[in-house]
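Here is what each chain is made of, one letter per residue.
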Amino acid sequence: MRTNHTSELFPETRAVQIPAAGVVLNADLTIPEGAVAIVAFAHGSGSSRHSSRNRYVAKTLNGYKFATLLADLLTEEEEIIDERTRHLRFDIPMLADRLIDIATWLQREPQTKDFRIGWFGASTGAAAALIAAARRPENVMAVVSRGGRPDLAGSYLSQVIAPVLLIVGENDLEVLELNKSALAQLNTEARLESVPNATHLFEEPGTLAAAALLAAEWFQVYSSPI
């Protein structure tokens, strides 16, 4: 049953540090009262935990009683290098490895160890999230991609068992076709949602809100305890 979230107070967000393959990643963890699942964000294409779009989606999910984790997938030093070379943001296997380490951390931390995990991926982060879900499927409730490049997950697409929602802007024509191709390769419950009037960054009025609502409802369906 959907509840009214308009009067929901925003829960406190705290900074955490997550060890991952020899580095330490900065992250923001938010746990609303009564949360039973957590959505971890996989940023892409040079984005970070400060992404205004992903923070907007995270607030929407918090309103639906989902805990959220927005983690930088690159260290501060790597971000400086990547601003110049732009190669780390496209190192999808490395990003997937770090997401797996993040999932391991979540399953060890006292506050989050009992939560099921959802992945929310944007741009290249969507491919990394799908690879992580394929390689470490235990406790993954669902995956959502917003304006993502799931096609870059390659042969891992057919190995994903968690339900997958692909959200694409109606006017993001090239990415829409790539998502249709990826959808055909998924062997799990999966759906493609095209957001009317939206382009790649969902900058048009109301389009990001529509994408956030689609994500919240998808996770809500699959967040029941195993």
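Here's what I pulled together on the structure shown here.

What counts, and where the lines are drawn
Residues numbered from 1 in each chain as written. Predicted model: local features only at pLDDT ≥ 70, side-chain atom pairs only at ≥ 80, totals over all residues. Heavy atoms only, no water. Axes fitted to C-alpha atoms, helices over the stretch in contact; angles between N-to-C directions. Helix = DSSP H or I, 4+ residues; strand = E, 2+ residues; numbered from the N terminus. Parallel < 35°, antiparallel > 145°, perpendicular 65-115°, else oblique. Left-handed = near helix turned anticlockwise from the far one by under 90°. Contact = heavy atoms within 4.5 Å. Nonpolar A, V, L, I, M, F, W, Y, C, P; charged D, E, K, R; others polar. Salt bridge = Lys/Arg side-chain N within 4 Å of Asp/Glu carboxyl O. Buried < 20%, exposed > 50% of the residue type's maximum accessible area, 1.4 Å probe, protein only. Phe/Tyr/Trp six-rings, centres within 6.5 Å; stacked < 30°, edge-to-face > 60°. Expected span 1.5 Å × (residues − 1). Core = buried A, V, L, I, M, F, W, Y, C linked by side-chain atoms within 4.5 Å.

### Description of the packing of helix 1 (residues 52-63) against helix 6 (residues 207-222)
Thought 1: Where helix 1 meets helix 6, the closest approach of the two axes is 9 Å, and the angle between their N-to-C directions is 45°. Regarding the angle of helix 1 to helix 6, the classification is oblique. Both helix 1 and helix 6 take part in a crossing whose hand is right-handed. Across the interface between the two elements, Arg53, Tyr56, Val57, Thr60 and Leu61 of helix 1 pack against Leu208, Ala209, Ala212, Ala215, Ala216 and Phe219 of helix 6.
Thought 2: Residue composition of the contact of helix 1 with helix 6, grouped by class: nine nonpolar, one polar and one charged.

### Brief notes about the pattern of salt bridges
Thought 1: Per the counting criterion, the structure on display carries eight salt bridges.
Thought 2: Between arginine 135 and aspartate 97 there is a salt bridge, with the nearest N and O atoms lying 2.7 Å from each other. Of this pair, arginine 135 sits in helix 4 (residues 124-135) while aspartate 97 sits in helix 3 (residues 92-106), and the two are 38 residues apart along the sequence.
Thought 3: Note on aspartate 97: relative accessible area 33%, which makes it partly exposed.
Thought 4: Close ionic contact of arginine 191 with glutamate 193 constitutes a salt bridge, the shortest N to O distance being 2.9 Å.

### Brief notes about the packing of aromatic side chains
Thought 1: One pass over the full model with this rule turns up three aromatic pairs.
Thought 2: Plain terms: the ring middles of phenylalanine 41 and phenylalanine 120 are 5.0 Å apart, the flat faces sit at 45° to each other, and that makes the pair tilted. Linking phenylalanine 41 in strand 3 (residues 37-42) with phenylalanine 120 in strand 5 (residues 116-122), this pair joins segments that are 79 residues apart in sequence.
Thought 3: The exposure class assigned to phenylalanine 41 is buried, which follows from its relative accessible area of 1%.

### Things to note about helix 4
Thought 1: With 12 residues, helix 4 ought to run about 16 Å at 1.5 Å a step, and its terminal C-alpha atoms sit 17 Å apart, in line with that.
Thought 2: Burial analysis of helix 4 places 11 of its 12 residues in the buried class, the great majority of the element.
Thought 3: Considered for burial, the residues of helix 4 that qualify are Thr124, Gly125, Ala126, Ala127, Ala128, Ala129, Leu130, Ile131, Ala132, Ala133 and Ala134.
Thought 4: Buried positions along helix 4 lie against strand 3, helix 3, strand 5, strand 6 (140-146) and strand 7 (164-169).

### A few points about the nonpolar core
Thought 1: Counting residues in hydrophobic clusters, the biggest one holds 47 residues, and the most contacted among them are Ile38, Leu69, Leu99, Ile102, Leu106, Trp119 and Val143.
Thought 2: The element contributing the most residues to this core is helix 3, with 10 residues.
Thought 3: What valine 143 contacts, discounting residues up to four positions off in sequence, is Trp119, Ala129, Leu130, Ala133, Ala162, Pro163, Val164, Leu165, Trp218 and Phe219.
Thought 4: Core analysis: the second largest hydrophobic core is formed by 27 residues, Phe41, Ala142, Ile167 and Ala212 among them.

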